[in-house]
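In case you want the letters, here they are:
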Amino acid sequence: ALTLAAAAAAARPGTLAEALLAVVNELASGLGARRVALGLHRAAGIRLAAMSHAAWFDGRSALAGRLQSLMDEAFDQGAPVALPRTEGQPFCVDVAHAEHLREQPGGALCTVVLGSRAEPVGAITAEWDDPDAATRHLPALEAAGRLLGPIVAVRLGKERWLAGRLPRAIGR
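Rules used throughout
Residues numbered from 1 in each chain as written. Predicted model: local features only at pLDDT ≥ 70, side-chain atom pairs only at ≥ 80, totals over all residues. Heavy atoms only, no water. Helix = DSSP H or I, 4+ residues; strand = E, 2+ residues; numbered from the N terminus. Buried < 20%, exposed > 50% of the residue type's maximum accessible area, 1.4 Å probe, protein only. Polar contact = N/O pair within 3.5 Å; in protein donor to acceptor, adjacent residues only side chain to side chain. Contact = heavy atoms within 4.5 Å. 1 Å grid on protein atoms, 1.4 Å probe; cavity = no way out; pocket = protein on both sides within 12 Å on 5 of 7 lines; lining within 4 Å. Points joined across faces, edges and corners; volume = space filled by probe spheres on them. Nonpolar A, V, L, I, M, F, W, Y, C, P; charged D, E, K, R; others polar. Axes fitted to C-alpha atoms, helices over the stretch in contact; angles between N-to-C directions. Parallel < 35°, antiparallel > 145°, perpendicular 65-115°, else oblique. Left-handed = near helix turned anticlockwise from the far one by under 90°.

## Side note on the side chain of Glu 127
- Of note, Glu 127 is situated in strand β5 (residues 120-128).
- By relative accessible area, which is 2% here, Glu 127 ends up buried.
- Among the polar contacts listed, one links the side chain of Glu 127 to the side chain of Arg 35, at a separation of 2.6 Å.
- A distance of 2.8 Å separates polar atoms of two side chains, one belonging to Glu 127 and the other to His 100.
- Ignoring sequence-local partners within four residues, the contact set of Glu 127 consists of Ala 33, Arg 34, Arg 35, Leu 67, His 100, Gln 104, Ala 108 and Leu 109.

## Comments concerning the environment of Glu 119
- Structurally, the position occupied by Glu 119 is in the loop between β4 (108-115) and β5.
- As a C-alpha pair, Glu 119 and Leu 31 span 88 residues in sequence and 25 Å in three-dimensional space.

## Remarks on the layout of surface pockets
- Estimates place the volume of the largest pocket at around 210 Å³.
- For the lining of the largest pocket, the elements supplying multiple residues, two or more each, are β4 and α5 (133-159).
- For the lining of the largest pocket, the leading source of residues is β4, giving three residues.
- Per-class residue counts for the lining of the largest pocket are six nonpolar, three polar and three charged.
- Counted as a void, the second largest pocket has a volume near 180 Å³.
- Surrounding the second largest pocket, 16 residues form its lining, Ala 17, Leu 20, Ala 49, Ala 50 and Phe 57 being those nearest its centre.
- Elements that contribute at least two residues to the lining of the second largest pocket include exactly α2 (16-31), β1 (35-42) and β2 (45-51).
- Grouping the constituent residues of the lining of the second largest pocket by class yields 13 nonpolar, no polar and three charged.

## Describing the packing of helix α1 (residues 2-10) against α5
- Relative to each other, α1 and α5 sit at 20°, their axes nearing to 9 Å. When the interaxial angle is binned, α1 and α5 end up roughly parallel. Between α1 and α5 lies a crossing whose hand is right-handed. Note on element contacts: α5 touches α1 through Ala 140, Ala 143, Ala 144, Leu 147, Leu 148, Ile 151 and Arg 155, opposite Thr 3, Leu 4, Ala 6, Ala 7 and Ala 10.
- Tallied by class, residues from the contact of α1 with α5 come to 10 nonpolar, one polar and one charged.

Rendered as structure tokens:
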């Protein structure tokens, strides 16, 4: 139900930014998360696109930089990163996640790839005050990331009209 509600939010009319804000708010509410952030992959790495409970944020702030580092860490590995580690979680590099969690002890966080391994478009990070939350919610967050990826990719393509679609349309 959560993944379908998030997909409906991603497909809602309006701009991509408005849809992504609705997605992160839906995920935060459904997962009981303190914060959910979504970043989109660009040439220079992940760029924060939406943060729950915040209609506006400074993309140059220290918090935005830390969230982007978390998302880059999972995106670059093509795999989820969760701390505290979930049972049966395969080895992954979690340096940025461990550093972020040290600043907010007693909680949990996880980052999943937005899209599939073959066609990732970004990442989603969720943070909780409950240290057991990542173990409970990682499967739902992964499912949401896989389902939302193609929807976000289509919307992103439609909003990149001059920079993306026009050159492809004229064969460049």
